[in-house]
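Chains, contacts and geometry: an overview
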Amino acid sequence: MDNTRGAVLMVLAMLGFALEDSFIKFLSGTVSVGQILAMLGVGGSIVFGVVVVIQGKALFSRDMLTAPIGLRALGEMAGTVAFVSAISLTPLSSASAILQATPLVVTLGAALFLGESVGWRRWSAIIVGLCGVLLIIRPGFDSFEALSLLAVIAVFMLGMRDLATRRTPANISTMQLSFLGFVVIIPAGLGLMLATGTPYVILNGGQWMYFFAALIVGLFAYYGIVAAMRLGEVSFVTPFRYSRLIFALVIGVGFFGESPDALTLAGAVIIVASGIYTVWRERRLAV
C-alpha cells in the first residue's frame, strides 16, 4: 500500500513539475528568463527559509562551507539557468525528454567520481540512453538546433548537483539544502539579466498569475517527490518519475502546438527505457 501511495505521489509531483514548466514557458514570452529565475529564487527562499526557521535550524552555518555544498550550489545555478532557458527557447517536449537522461548521468558520475560499482549492463544502458539524447538533438544534421544543447547542459549540471548532494554533511537537513538551492538562483537570475541587458519588467495581473502558479505548483511538487521517496521503496517509486515526460508531451502538443517528430519520440522512449532498466538493475543487485 505504501508503494502504491508513493507511486501516486510521484506521478502527481511529476504533473506538478510539468505544469510549472508550462507556466514558466508562458511567462517567458513577456518576461526575461533572468527575471523569472530571480523571482522564483526569492519566492522559494522565503518559503523554505520559514520552514527551516520553524524547524529550529540555521539558515546559514559554517557546516555549509564544504566542497560538496559548493558544487551542489554551482550545479543548481547552472542547471536551473540552462533548463529554464531551454524550456523558454526550445519545445517543451524535447527539453523535457532530454532532461530524463539526468538519472543516467548520475549513475555515470557515481561510477567515475564516487567509486560506485557499475557493471557492463548499466554501462550499456547509459550509452544507449545518451544515444537517445543524440537522436533528439541530432548534431551535424540540418535539423540540429544549437539551443537544444541548453537542455543537455542542464542534464549534466543537475546531475552534478545530485551527485554532490550524496556527499553533503549529514547534519544539513533537506530543507536547508532546498533553501540554499533557491538562494543561489537569485544571483544567477540577476547575473543573467545583467549579462543579456534585459530590463526589469513590472508584472501585470496575468503575469503574476503565471508566476505564482509556477511557484506554488513547483513547491507542492517538490514536497510530493520528497514524500513519495520516503513513503515507498525507492526502486519501486523512482520509475514513475518518467511520467513527467508524458505530461510534458501532452502539454507541449495541446497548449504550445508542438509536433515532436518520430526521431524525437524514439529518442525519448530510448532514454526512458534505459533509465528504467538502470533502476531495475540496481534493485536486482541490492537484493
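Residues numbered from 1 in each chain as written. Predicted model: local features only at pLDDT ≥ 70, side-chain atom pairs only at ≥ 80, totals over all residues. Heavy atoms only, no water.

1. Here we look at the overall build of the chain
If you tally the helices and strands in the chain, you get 13 helices and 0 strands. Element order for the chain, N to C, with α for helix and β for strand: α-α-α-α-α-α-α-α-α-α-α-α-α. Radius of gyration (C-alpha) of the chain: 19 Å, near the 19 Å computed for a compact globule of 287 residues. Across its three principal axes, the chain shows a C-alpha extent of roughly 50 × 50 × 35 Å. (Helix = DSSP H or I, 4+ residues; strand = E, 2+ residues; numbered from the N terminus. Rg over C-alpha atoms; globule rule 2.2 N^0.38 Å.)

2. Observations concerning the packing of aromatic side chains
Any pair of aromatic rings gets described here by the distance separating the centres and the angle formed by the planes. Here the structure, examined in full by the defined rule, presents 10 aromatic pairs. Seen in terms of ring centroids, Phe26 and Tyr210 are 5.3 Å apart; in terms of plane orientation they differ by 10°. Their pairing is stacked. Of this pair, Phe26 sits in helix α1 (residues 2-27) while Tyr210 sits in helix α10 (residues 205-231), and the two are 184 residues apart along the sequence. By relative accessible area, Phe26 is classed as partly exposed at 32%. Here Tyr210 falls in the partly exposed class, since its relative accessible area comes to 26%. (Phe/Tyr/Trp six-rings, centres within 6.5 Å; stacked < 30°, edge-to-face > 60°. Buried < 20%, exposed > 50% of the residue type's maximum accessible area, 1.4 Å probe, protein only.)

3. Some points on the nonpolar core
Most often, soluble globular proteins have nonpolar side chains that are buried together. Counting 53 residues, the largest nonpolar core has Ile24, Ile98, Val133 and Phe211 as its most contacted members. Core analysis: the second largest hydrophobic core is formed by 8 residues, Ala13, Ala221, Ile225 and Ala228 among them. (Core = buried A, V, L, I, M, F, W, Y, C linked by side-chain atoms within 4.5 Å.)

4. As for the pattern of salt bridges
In the structure shown here, the tally under the stated rule is 6 salt bridges. For Arg244, the salt bridge identified is with Asp21, shortest N-O distance 2.8 Å. Here Arg244, found in helix α12 (residues 243-256), pairs with Asp21, found in helix α1; they are 223 residues apart in sequence, far enough to count as distant. Linking Glu76 and Arg161 is a salt bridge whose minimum nitrogen-to-oxygen distance equals 3.2 Å. Taken together, the positions of Glu76 in helix α3 (residues 67-89) and Arg161 in helix α7 (residues 149-165) put the pair 85 residues apart, joining distant regions of the chain. (Salt bridge = Lys/Arg side-chain N within 4 Å of Asp/Glu carboxyl O.)

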